[in-house]
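Spelled out, the chains give:
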Amino acid sequence: MVRPVTREEVKKAMFSIGENKAPGPDGFTSAFFKHAWDTVGEEVTDAVLTFFDNGQLLKQINHTIIALVPKKDAPNSVLDYRPISCCNVLFKCISKIITDRIKGKLESLVSINQSAFVPGRKISDNILLTQELMHNYHTNRGPSRCALKIDIQKAYDTVNWSFLETVLTRFGFHRKMVKWIMTCVSTVSYSLCINGNIHGFFYGKRGLRQGDPLSPYLFTLVMEVLSLLLQHAARTHASFKFHSLCAKQRIINVSFADDLFVFAHGDRSSVKVLRDALGCFTKISGLVPSAPKSTIFFCNVPSQVKMQILGLMPFQEGSLPVRYLGVPLISTRLAYRDCKILIERVKRRIDNWMSRSLSFAGRLQLINSVLGSMYTYWASGNARSKVAWSNVCLPKDEGGLGVRSINDVNVALLAGHVWSIITNRPSLWVQWIHSYKLKGTNFWEVTKRGSVSWGWRHILAIRDRIRPYVWMSIRSGRQTNAWSDNWCSCSPLRSFISPRAIANAGLNLRSTVADIIDDTGQWKWPQAWFDIFPVLINIPSPHPLVEVTDRCSWKDLEGNLCHFRSWEVWNTLRRRGDRVDWVESIWFSQCIPRHSFHLWLVMNNKLKTQDRMATWEAGSATNLILMCCPLCYHDRDSRDHLFFQCPFATKVWESVRKMVNMENVNNTWSSVMQWMVQNATTRTIDRIVGKLLIAATTYYIWQERNSRLFSSVQRTPDMLSHVIISTVRLKIMGFKLGSDRKHRKVLDTWQISMKNLDCDPG
């Protein structure tokens, strides 16, 4: 039986669609429903439940607007566009409910070689496994083998509906669920959005919509049929031979949605079996391999056999590197040319006119939110930097900007792969590593023998850095290696007990903790070991053991065991700095970002003041030009001079500080600094405004200094004070304040009416 859809389920699905999504054809976003649910919730829920009750879907709800997104900069034909379906919000709610019910069953239905959209599986598994299987393809030695990278032509758009219905039925979906899905898929109508205008009206005849939450999961089930056909063909045809590194797990293909790699021995008979299976799949599903975009890679295949294979498959012979799932697939280490695509993408984001117009604070946000995701998925200039990159990469409370170092992030992400291996996460790549790399050896002890892939070499290279933080909690003792894993205060025991001593004691390197404890809870190692290795006396026996799997945990710097997360690894292994007591004086929720970024430079004394530039360019002509402060024409400018001992800056500071009752803070930077440290964590309105004022004053004084230095524009101290006060006043007007006496006093001082306030400063 299919569980009835509840009202709470509808509400949850509606809210989870995504508040930032573009409006559907009805003009509403899910954010509208979330904020107006009390008003429209009943009506929306009734409309959705009506579909699940009778299986009928209004044509208006299943009408879709197609937007054509160009695949390249200068598209020449319709094939150069990707059709994205803008579905109705009510339809997305229906689709989301069905999707949530399907997701829980995918793991049991979809083979482990398909990693797309199945909870718990990772796209990186496919990349790592394919890298391993393609390793040394450039050397032309070893067993004869070949790999086919197959591109499905217009994959989502060409799925046969009757085939999809058959697949759902054969996979055991309830007939009511099948009816819901096929109604959503087969009653769709379309219009085209061209240059912002809606054109045309037509019904669909086949395919799945890119933009429908349900489509990826249905396509995954469709591609599972191909995996089953390939496996069936391999079992029934004695002439088929597996790829040399695939036989143990009978790997033929790895898939991520329509990204498909197929592996086989490099002979005509094996490839013919693959061709026939692909042909059968094409005939029943409507999905056709694209010959111009599909390639075959050969390793140590004789020329005559190679020509026979190319005659069987109408694909081109490929050469490495090739991009797979957005990452360069290579047989050797990554070189600069291989990463050039990533570098150019980052440069395009940085060099466009919008990025160039950003302030330093805006560029910091761009790096953290946009550019960071690029290098995270994949794995500083010629001018002298204001601040060392290692300091920039420190967290803000340690004096940095919170930009994560690529090296540190890379180690943290590689540690995730290590964690998958040692916890034996259900993954085809993990299974392959245990079969072909570890072969029963403990991960911490496996050696780098022979020619290993660049990825595997780097995974092994970080072992020493992360090993002290990977700990096993003993329960049954059967999953913990007694000698190599960390499970007690003296671990790993292999660090002082040699393999020979272990063998002489009648034990072996694969012994678990349970193996070295007898029924009475005593250690099985020789009594003489307590004299030879006195530290063993300090190891208490975990007896009695229980029938529960040992738990693997990450131990942080404080010695606390916690769940493994990439963030925890990064935070444990990154470069650390001393905590600064001024961080909350600069970075707080009400700050003006460009002012805060500038104040951060001031706090670190990293502005390009004349005293600092003199040390960079001693004896140059620059020193002769920059001899005095552009504001007062006396002393050479420096941080302490500009903020606020310079006569010009002193006048500005004395004029603005009275707005926040800071008359006791004199015109020295040390005095200002002392006030900021003392009030860093204070959340009262007057202190928040005081911090805003200090940041704005330093920002505009520095701006005036540069203006006078590089142009003829000048402002008087009174004019600059007016700009500072006006800027802070505008920021305060964004606060939502109550009728508290202190709040009213601040508003009166800044001449702000209560009716102009908008948001909460806290």
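If you're wondering where the values come from, they're calculated on a predicted model, not measured in any experiment.

### Notes on the overall build of the chain
Turning to step 1, where the next piece is worked out: In terms of regular secondary structure, the chain is built from 31 helices and 15 strands.
Turning to step 2, where the next piece is worked out: For the chain, the proportion of its 762 residues judged to be buried stands at 49%.
Turning to step 3, where the next piece is worked out: Of the roughly 37900 Å² of accessible surface on the chain, a fraction of 52% belongs to carbon and sulfur atoms.

### Comments concerning the environment of Val-188
Turning to step 1, where the next piece is worked out: Tracing the sequence through the fold places Val-188 in the loop between helix H7 (175-186) and strand S4 (189-194).
Turning to step 2, where the next piece is worked out: Judged by relative accessible area, Val-188 falls into the buried class, the value being 1%.
Turning to step 3, where the next piece is worked out: The contact partners of Val-188, leaving out residues within four places of it in the chain, are Asn-62, Thr-64, Trp-161, Tyr-203, Gly-204 and Arg-209.

### Looking at the sheet that holds strand S15 (residues 561-562)
Note on sheets: strands pair through backbone hydrogen bonds, and any given pair is parallel or antiparallel.
Turning to step 1, where the next piece is worked out: Taken in spatial order, the three strands make up an open sheet running S13-S14-S15, and their pairing is antiparallel. With one partner strand each, in any of the chains shown, strand S13 (470-473) and S15 form the two edges of the open sheet.
Turning to step 2, where the next piece is worked out: The strands that helix H15 (residues 406-422) touches are S13 and strand S14 (551-555); relative to S14, the one it contacts most, it runs at about 155°.

### Quick look at the sheet that holds S4
Turning to step 1, where the next piece is worked out: Overall, mixed pairing links the four strands, which are arranged S2-S1-S4-S5 in an open sheet. Both outer strands of the open sheet, strand S2 (81-86) and strand S5 (197-203), are each paired with one neighbouring strand and no more. Taking the axes of each pair of neighbouring strands and ignoring which way they run, one obtains an average angle of 30° across the sheet.
Turning to step 2, where the next piece is worked out: One ladder, built from five bridges, connects S4 with S5; its direction is antiparallel. Bridge pairing in S5 links Ser-189 to Tyr-203.

### Topic: the environment of Leu-607
Turning to step 1, where the next piece is worked out: Topologically, Leu-607 is positioned in the loop between helix H23 (593-603) and helix H24 (610-616).
Turning to step 2, where the next piece is worked out: Since its relative accessible area comes to 4%, Leu-607 is described here as buried.
Turning to step 3, where the next piece is worked out: The spatial distance from the C-alpha of Leu-607 to the C-alpha of Trp-702 is 9.2 Å, given a sequence separation of 95 residues.
Turning to step 4, where the next piece is worked out: Not counting chain neighbours up to four residues away, the residues in contact with Leu-607 comprise His-598, Leu-601, Val-602, Arg-612, Phe-643 and Trp-702.

### What to know about unusual backbone geometry
Turning to step 1, where the next piece is worked out: Pro-492 follows Ser-491 through a cis peptide bond whose omega is -5°.
Turning to step 2, where the next piece is worked out: Within the secondary structure, Pro-492 sits in the loop between S13 and helix H19 (499-504).
Turning to step 3, where the next piece is worked out: Of note, the amide linkage connecting His-543 to Pro-544 takes the cis form, showing an omega dihedral of 0°.
Turning to step 4, where the next piece is worked out: If you trace the backbone, Pro-544 turns up in the loop between helix H20 (529-532) and S14.
Turning to step 5, where the next piece is worked out: For Asn-195, which is not glycine, the phi dihedral falls at a positive 55°.
Turning to step 6, where the next piece is worked out: Among the structural elements, Asn-195 can be located in the loop between S4 and S5.
Turning to step 7, where the next piece is worked out: Among the residues examined, Asn-195 registers a relative accessible area of 78% and is labelled exposed.

How each quantity is defined
- Residues take numbers from 1 onward in each chain, read along the sequence in its written order.
- A pLDDT threshold of at least 70 governs which residues receive local features in this predicted model, and a stricter bar of 80 or more applies before side-chain atom pairs are shown or counted, although totals over entire chains, interfaces and linings include all residues.
- The basis for every side-chain value is the complete set of heavy atoms in the structure, and neither hydrogens nor water enter the calculation.
- Secondary structure elements follow DSSP: runs of H or I of four or more residues count as helices, runs of E of two or more count as strands, with numbering from the N terminus.
- Exposure classes here rest on a 1.4 Å probe applied to the protein chains alone. A residue is buried below 20% of its type maximum, exposed above 50%, and partly exposed in between.
- Per-residue and other accessible areas follow the Shrake-Rupley method at a 1.4 Å probe size, with only the shown protein chains counted as cover for residues.
- Contacts are residue-level and defined by heavy atoms, with any inter-residue pair within 4.5 Å sufficient.
- Only strands joined by at least two bridges in the DSSP assignment are considered to pair.
- Lines fitted to C-alpha atoms define the axes here, with helix axes fitted over just the stretch in contact, and angles between the N-to-C directions of these axes take values from 0 to 180 degrees.

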